[in-house]
Amino acid sequence: MPCNACTECCRSNQGLFLHPGRGDDVESYRHRVLTEQATGNPVFLLATEANGQCVYLGASGCTIYERRPLLCRSFDCRKHYLILPRQDRDNLVRLGLSSRAVFNAGRARLGSLSSDERSECLDKREEFFS
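Being a predicted model, the structure only gives us computed values, none of them experimental.

**Quick notes on the overall build of the protein chain**
Helix and strand counts for the protein chain come out as 5 helices and 5 strands. The order of α-helices and β-strands along the protein chain, N terminus first, is β-β-β-β-β-α-α-α-α-α. Its C-alpha radius of gyration of 15 Å places the protein chain within 12% of the 14 Å reference for a compact globule of 130 residues. Expressed along its principal axes, the backbone C-alpha trace of the protein chain runs to roughly 40 × 40 × 30 Å. Relative to its full complement of 130 residues, the protein chain shows a buried share of 32%. In the protein chain, the share of contacts with a sequence separation of at least 24, taken over all contacts with a separation of at least 6, comes to 65%. In the form shown here, the protein chain has an accessible surface area of approximately 8200 Å², with 48% of it arising from carbon and sulfur atoms. The positive charge centre, built from 18 side chains, and the negative charge centre, built from 16, are 6 Å apart in the protein chain.

**A look at the pattern of salt bridges**
Considering all chains together, one arrives at 6 salt bridges under this definition. Where Arg11 meets Glu8, a salt bridge forms, and the shortest distance between an N and an O atom there is 2.9 Å. Put simply, Arg86, Asp90 and Arg100 are held in one network by salt bridges that share partners.

**A short note on the sheet that holds strand β2 (residues 31-35)**
On the basis of which strands lie adjacent, the open sheet formed by 3 strands has the order β1-β3-β2 and antiparallel pairing. Here the strands that pair on one side only, and so sit at the sheet edges, are β1 (17-18) and β2.

**A look at helix α4 (residues 100-108)**
Among the residues making up α4, those that are buried are Val102, Phe103, Ala105 and Gly106. With its buried residues spanning 160° around the axis, α4 presents them on a single face. Where α4 begins, the side chain of Ser99 points an oxygen toward the backbone nitrogen of Ala101, at a separation of 3.1 Å.

**Considerations on the environment of Glu120**
Mapping Glu120 onto the fold places it in helix α5 (residues 115-129). Here the alpha-carbon distance between Glu120 and Arg11, two residues 109 residues apart in the chain, equals 27 Å.

**So, the side chain of Arg89**
By the element assignment, Arg89 lies in helix α3 (residues 86-94). Of the side chains bearing the opposite charge, Asp90 lies closest to the buried Arg89, which forms no salt bridge; the N-O distance is 5.8 Å. In terms of polar contacts, Arg89 uses its side chain to reach the backbone carbonyl oxygen of Tyr81, at 3.1 Å. Within the structure, Arg89 has its side chain in polar contact with the backbone oxygen of Leu84 (distance 2.7 Å).

**As for the packing of aromatic side chains**
Counted by the stated rule, this structure contains 2 aromatic pairs. The interplanar angle of 70° and the centroid separation of 6.4 Å between the aromatic rings of Tyr29 and Tyr56 together place this pair among those described as edge-to-face. Taken together, the residues Tyr29 in the loop between β1 and β2 and Tyr56 in the loop between β3 (42-46) and β4 (57-58) connect sequence positions 27 residues apart. Taking the relative accessible area as the measure of exposure, Tyr29 reaches 7% and is therefore buried. Ring geometry for Phe128 and Phe129: centres 6.5 Å apart, planes at 85°, overall edge-to-face. For Phe129, a relative accessible area of 37% gives the class partly exposed. A cation sits over an aromatic face here: Arg68 above Tyr65, 3.8 Å from the ring centre. Taking NZ or CZ as reference, Arg89 lies 4.0 Å from the ring centre of Tyr81, over its face.

Rules used throughout
Residues numbered from 1 in each chain as written. Predicted model: local features only at pLDDT ≥ 70, side-chain atom pairs only at ≥ 80, totals over all residues. Heavy atoms only, no water. Helix = DSSP H or I, 4+ residues; strand = E, 2+ residues; numbered from the N terminus. Rg over C-alpha atoms; globule rule 2.2 N^0.38 Å. Buried < 20%, exposed > 50% of the residue type's maximum accessible area, 1.4 Å probe, protein only. Contact = heavy atoms within 4.5 Å. Areas by Shrake-Rupley, 256 points an atom, 1.4 Å probe, with all protein chains shown as cover. Lys, Arg positive; Asp, Glu negative; His and termini not counted. Charge placed at Lys NZ, Arg CZ, Asp CG, Glu CD. Salt bridge = Lys/Arg side-chain N within 4 Å of Asp/Glu carboxyl O. Pairing = 2+ DSSP bridges. Arc of directions from axis to C-beta. Polar contact = N/O pair within 3.5 Å; in protein donor to acceptor, adjacent residues only side chain to side chain. Phe/Tyr/Trp six-rings, centres within 6.5 Å; stacked < 30°, edge-to-face > 60°. Lys NZ or Arg CZ within 6 Å of the ring centre and 35° of its normal.

This is the structure:
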């Protein structure tokens, strides 16, 4: 992902979920635990500052880059933008679950997606939102 030191996703107050079943060592991160209402299972969220910024974002970028959680390793704002229909993007921003700046960063970088990646995203969009 060509971030070019963007860090919008690190400053966006998005849900920063930890995935212990997929390799995230929850205890190695500052985090908080919520209980999923439907199942009673714990949900682990990476700690954020009062302004929604990741606690591990430093002046020069991620301070734990080499051991960043799965979500941080796999998130691609370009695909996030392209897969979600506009109404869903707007709803996520309105609900405070995503950031307009993250979507704008993704839109600005769409040209760096390969035609195969773009096609894959559009196929997923069709599958999930038709």
